[in-house]
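Summary of structural features
What follows is the residue order along each chain.
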Amino acid sequence: AAKNAEYGSSVMIEVSDGEVIEDVELRAIKPTEASLNVSQRPQQPVDIAPTTNVIPATAGGVIFTTKNKIFSTPCFDDTSMYFGACDGNFYCLDKVNGKLKWKVEELLRVDSSPALYDGKVFFSSFAKEQNWFHAVEAKTGKMVWQKQIDRVGNMDPLIHDGKVLIAANNQLLSLDPATGSQIVAYPLCDGDADSAIVVTQGSKIVVLVTTDYEAND
């Protein structure tokens, strides 16, 4: 686990038995001075706050506005885009015209970037002053299942080998996408994990864990 905000750790887990086969401490590298490539055809600026609106790729204008900031990275299927916002809603928009199809309301805050699988959208949230993980129908937004999981509020799910992976409470959880039941839990670190990014390669799962994070760093 990291000893301060400049450090982190990477954990690689064997899927078949959960054995931690790599545990590598990462040291932050000081950034070097970057150079900018100036476009020969600069676009006209769009006078909007970039974290509170959904903008078409052509930067032609605002097509949808939420009541608070957006930290959630959208996911897409053939017809729709899905994302959450700090206004306590999770949204589904038509990805062609930006019109609202449905939304899940009465959540406290949704920072999580969702994942799509088997006709369902998975995301975490802060709701009812607690941390929750949700599965909703992609077509309708109807809640399929939800479960309270400690410290899952801003974590991003990942689909791997037909299972939903989500980091929470110093563990990597593998959940049944149909029911939300826990299949297995892998321990991540001894300290408190402030955030965890889960990626996969083949049968291997890599979890990047940040501890001792301070917002001012």
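This text gives an overview of the structure that appears in the document. Throughout, a residue's number is its position along its own chain's written sequence, starting from 1. Given that the model is predicted, a residue must reach a pLDDT of at least 70 before its local features are reported, and side-chain atom pairs must reach 80 or more before they are shown or counted; all residues, however, enter totals for whole chains, interfaces and linings. As a rule here, side-chain values cover all heavy atoms of the structure and leave hydrogens and water aside.

Overview of the packing of aromatic side chains
Classification of ring pairs uses Phe, Tyr and Trp, with its six-membered ring standing for Trp, and accepts pairs whose centres are within 6.5 Å; under 30 degrees between planes counts as stacked, over 60 as edge-to-face, and the remaining range as tilted. Within this structure, the stated rule accounts for eight aromatic pairs. Consider the rings of Phe-83 and Tyr-91, whose centres lie 5.4 Å apart with planes at 25 degrees: the pair is stacked. Overall, Phe-83 belongs to the buried group, its relative accessible area being 1%. Throughout this description, buried means an accessible area under 20% of the type-specific maximum (1.4 Å probe, protein chains only), exposed means over 50%, and partly exposed covers the range between. Owing to a relative accessible area of 4%, Tyr-91 belongs among the buried residues under this scheme. Between Phe-122 and Trp-145 the ring centres are 6.1 Å apart and the planes differ by 45 degrees, which places this aromatic pair in the tilted class. With Phe-122 in strand S10 (residues 120-127) and Trp-145 in strand S12 (residues 143-148), the pair connects residues that are 23 residues apart, well separated along the chain. You can call Trp-145 buried: its relative accessible area is 8%. Among the aromatic residues, ring-to-ring pairing joins Tyr-82, Phe-90, Trp-102 and Phe-123 into one connected group. Secondary structure follows DSSP: runs of H or I at least 4 residues long count as helices, runs of E at least 2 residues long count as strands, and numbering of each begins at the N terminus.

Overview of the nonpolar core
What we call a nonpolar core is a set of buried Ala, Val, Leu, Ile, Met, Phe, Trp, Tyr and Cys residues that are connected through their side-chain atoms within 4.5 Å. By size, the foremost hydrophobic cluster in this structure holds 14 residues, and its most contacted members are Tyr-82, Phe-90, Trp-102 and Leu-107. Where this core is concerned, the elements lending two or more residues are strand S7 (90-94), strand S8 (100-104), S10 and strand S11 (130-137). Counting residues per element, this core draws most heavily on S10, which supplies three residues. Those residues within four positions of Phe-90 in sequence are excluded, and the remaining contacts are Tyr-82, Phe-83, Gly-84, Trp-102, Lys-103, Val-104, Leu-107, Val-110, Pro-114, Val-121 and Phe-123. In this structure, Met-155, Val-164, Ile-166 and Ala-168 belong to the second largest nonpolar core, which totals 12 residues. We call two residues in contact whenever any of their non-hydrogen atoms come within 4.5 Å of each other.

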